[in-house]
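The residues making up each chain are set out below.
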Amino acid sequence: MATTNFKGHPVKLVGEFIQVGKLAPNFELVKSDLSSLSLADLKGKRVILNIFPSMDTGVCATSVRKFNQLAAGLPDTVVLAISKDLPFAQGRFCSTEGIENVVALSDFRHSDFDKSYGVLMGDGPLMGLLARAVVVIDKEGKVSYTELVPEITQEPAYEKAIEAAKK
């Protein structure tokens, strides 16, 4: 069982954090217009999963803005911003912030993503939300890069994720 930290306190994650080299498990999440998007819908593209607790926090919002900028020049690559926020809140954030190169997805309806990727916080003050992580999936559907950010309040290593997506 993987762990992360929230303000210096350990937080246990439910399931096993996804590993490089594994076939990425399919998932179905909800877009801001309430339609569904699955990983299978993105077959043949590189996919960057920017996973975090909530867009309503400074670090999470920053990560969406940063990936929005970095993703603009990546061919055949889709960046997904994934949280348990309701699709309405995600849509409002993206329209207010001018987010156009990232697809916001909510894990509020389906409960398989959080456990199959090992990012569900199982205890601590943010229990039930998603841990901060980045997963890059190549065009063949295999995981080529992962980062489970060791402290929820820290930003991920954007450049490492972008480099992995370019391969």
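On a predicted model such as this, the values are computed, not experimentally measured, just so you know.

Caption draft 1: Here's a closer look at the environment of Ile 162. The topology assignment puts Ile 162 in helix α4 (residues 158-166). Here the alpha-carbon distance between Ile 162 and Thr 77, two residues 85 residues apart in the chain, equals 9.9 Å. Filtering out sequence-adjacent residues up to four positions away, Ile 162 remains in contact with Ile 48, Phe 67, Leu 70 and Leu 74.

Caption draft 2: Here's a closer look at the layout of surface pockets. In this model, the largest pocket occupies a volume close to 180 Å³. Lining the largest pocket are 15 residues, and of these Leu 39, Ala 40, Lys 43, Glu 140 and Gly 141 sit closest to its centre. When grouped by side-chain class, the residues that make up the lining of the largest pocket number seven nonpolar, three polar and five charged.

Caption draft 3: Region of interest: α4. For α4, the complete set of buried residues consists of Tyr 158, Ala 161, Ile 162, Ala 164 and Ala 165. Down the axis of α4, the buried side of the element spans an arc of 160 degrees, and every buried residue falls inside it.

Caption draft 4: Molecular detail of unusual backbone geometry. Look at Lys 7: it is not a glycine, yet its phi comes out positive at around 55 degrees. Secondary-structure assignment places Lys 7 in the loop between β1 (3-6) and β2 (9-14). Owing to a relative accessible area of 61%, Lys 7 belongs among the exposed residues under this scheme. A positive phi is found at Asp 76, a non-glycine position, where the angle reads about 55 degrees.

Definitions and limits used
- Residues numbered from 1 in each chain as written.
- Predicted model: local features only at pLDDT ≥ 70, side-chain atom pairs only at ≥ 80, totals over all residues.
- Heavy atoms only, no water.
- Helix = DSSP H or I, 4+ residues; strand = E, 2+ residues; numbered from the N terminus.
- Contact = heavy atoms within 4.5 Å.
- 1 Å grid on protein atoms, 1.4 Å probe; cavity = no way out; pocket = protein on both sides within 12 Å on 5 of 7 lines; lining within 4 Å.
- Points joined across faces, edges and corners; volume = space filled by probe spheres on them.
- Nonpolar A, V, L, I, M, F, W, Y, C, P; charged D, E, K, R; others polar.
- Buried < 20%, exposed > 50% of the residue type's maximum accessible area, 1.4 Å probe, protein only.
- Arc of directions from axis to C-beta.

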